[in-house]
Amino acid sequence: MIKCHSVGLLARRGIINPSSSLIYRLLCWGEGQKQPSKTKNALGSKFKEDPTGSQSGTKRQRESTSEDRESQRDAQSMKADKQTERISVSVSHADSPKTNENAGHWSQGLKTSMQDPKMQVYKDDKVVVIKDKYPKARHHWLVLPWQSIPSLKALRTEHCDLVKHMQKVADQMIQQRPDCSSVQFRTGYHAIPSMSHVHLHVISQDFDSPCLKNKKHWNSFTTDYFIESKDVIQMLETDGKVTVKEGTSELLKLPLRCHVCRKELPTIPALKEHLKSHF
DNA sequence: GTTCTAGAAC
DNA sequence: GTTCTAGAAC
């Protein structure tokens, strides 16, 4: 049998199309990756068709404090994580209403996207690459492990090889991008991601995108909120875990500053206009 | 993560 | 008056 890596190589060289080749997918799943269960597929459809429907009964009060909202969001995400985890090991069981509710939460969207062959631009036995649904630059991919790891906080020494492989695949994506421009790329993780399931951002540094709309978007990629992949690997090797500095969330509120010349700009439109002078 | 919109800023 | 942001809601 042809090894998945070989098929991946063929795909990367354009000999076969990884996003449409059934043979490619079957071979990959035959090489150790779990075939998404019918239960998961069904949940995936639910998420796409009705992303908000299950939330109607849990509206929060406007007067709740920001701390309340933070803890509530965490609790919701964790609950949803646990549900998804449970589903993956008990696929033969009947769905409960609660299961659908949590799988449909917005923070679980990556789990659905990564399983969708239409979203996948590369995959092997360890990771899958998808295009960011709302790219913040001309090129913006996410590298996700098949293994369920909620976030950077869950990474340990045992994940070192996996994280290094994610970086290697990211480098391949950069090297094999469609255009031959000399635009720079960065590869890294958001210190405090919104979406569950650890994901490596591979993003070109033009930041030329209509989806880049606010200060949070900008600062999440241009301040230390963005932790370089190599730094994550180094932390894992030296400390056995990834530490996020206190006050990192405050970085999102910093003034808008050009990542090339460090000039401060007053608004997002002004920043976008300024970026044109560099690209 | 995004969308929506009140009200701040101009 | 318009532009833009920040925070609630999902």
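Residues numbered from 1 in each chain as written. Chains lettered and ligands numbered in written order. Predicted model: local features only at pLDDT ≥ 70, side-chain atom pairs only at ≥ 80, totals over all residues. Heavy atoms only, no water.

- For chain A, the name recorded in an unreviewed UniProt entry is Aprataxin, with Pundamilia nyererei as its organism.

### A closer look at the protein's contact with DNA strand B
Phase 1 of the analysis: Close contacts around DNA strand B come from Trp106, Tyr134, Lys136, His190, Pro193, Ser194, Met195, His201, Lys213 and His217, and that covers them all.
Phase 2 of the analysis: Counting only atoms of DNA strand B within 4 Å of the protein, the sugar-phosphate share comes to 52%.
Phase 3 of the analysis: Contact distances for DNA strand B include 2.8 Å between a phosphate oxygen and a side-chain N or O atom of Lys136.
Phase 4 of the analysis: Contacts to DNA strand B include Lys213, whose side-chain N or O atom sits 3.1 Å from a phosphate oxygen. (Near = heavy atom within 4 Å. Polar contact = N/O pair within 3.5 Å; in protein donor to acceptor, adjacent residues only side chain to side chain.)

### Considerations on the pairing of strand S5 (residues 200–204)
Phase 1 of the analysis: Here S5 lies mainly inside the structure; five of its five residues are buried.
Phase 2 of the analysis: Every second residue of S5 is oriented toward a common face, with Leu200, Val202 and Ser204 on one face and His201 and Ile203 on the other, all of them buried.
Phase 3 of the analysis: Relative to S5, strand S3 (residues 140–145) is paired through four bridges, and the arrangement is antiparallel. The residue bridging Val143 from the neighbouring strand is Leu200, located in S5.
Phase 4 of the analysis: Bridging between strand S4 (residues 185–190) and S5 involves four bridges; their strand directions are antiparallel. For Arg186, the partnering residue across the bridge sits in S5 and is Ile203. (Buried < 20%, exposed > 50% of the residue type's maximum accessible area, 1.4 Å probe, protein only. Helix = DSSP H or I, 4+ residues; strand = E, 2+ residues; numbered from the N terminus. Pairing = 2+ DSSP bridges.)

### Observations regarding the sheet that holds strand S2 (residues 127–131)
Phase 1 of the analysis: With antiparallel pairing, six strands are arranged side by side in an open sheet as S1-S2-S3-S5-S4-S6. Each edge of the open sheet is held by one strand with a lone partner, namely strand S1 (120–123) and strand S6 (226–228). Between one strand and the next, the sheet's axes are offset by a mean angle of 30°, whatever the strand orientation.
Phase 2 of the analysis: Along the sheet, helix H9 (residues 229–239) contacts S4, S5 and S6; its crossing angle with S6, the most-contacted strand, is approximately 70°. (Axes fitted to C-alpha atoms, helices over the stretch in contact; angles between N-to-C directions. Contact = heavy atoms within 4.5 Å.)

### A short note on the nonpolar core
Phase 1 of the analysis: Within the largest apolar cluster, 29 residues are counted, with the highest numbers of intra-cluster contacts made by Val143, Leu152, Leu155, Tyr189 and Val232.
Phase 2 of the analysis: For this core, the elements supplying multiple residues, two or more each, are S2, S3, helix H7 (160–175), S4, S5 and H9.
Phase 3 of the analysis: The greatest single-element share of this core, amounting to eight residues, is contributed by H7.
Phase 4 of the analysis: Residue contacts for Leu155: discarding those within four places in its chain leaves Ile149, Val163, Val232, Leu236, Gly240, Lys241 and Val242. (Core = buried A, V, L, I, M, F, W, Y, C linked by side-chain atoms within 4.5 Å.)

### Here we look at the pattern of salt bridges
Pairing between side chains of opposite charge can happen when their charged atoms approach one another.
Phase 1 of the analysis: The full count for this structure, using the stated rule, is 10 salt bridges.
Phase 2 of the analysis: Glu237 is paired through a salt bridge with Lys164; the nearest N and O atoms lie 2.7 Å apart. With Glu237 in helix H9 and Lys164 in helix H7, this residue pair connects regions lying 73 residues apart in the sequence.
Phase 3 of the analysis: Accessibility expressed as a relative area gives 47% for Glu237, which makes it partly exposed.
Phase 4 of the analysis: Residue class for Lys164 comes out partly exposed when judged on its relative accessible area of 35%.
Phase 5 of the analysis: Each of Arg138, Asp206 and Asp208 takes part in salt bridges that share partners, so that together they form one network. (Salt bridge = Lys/Arg side-chain N within 4 Å of Asp/Glu carboxyl O.)

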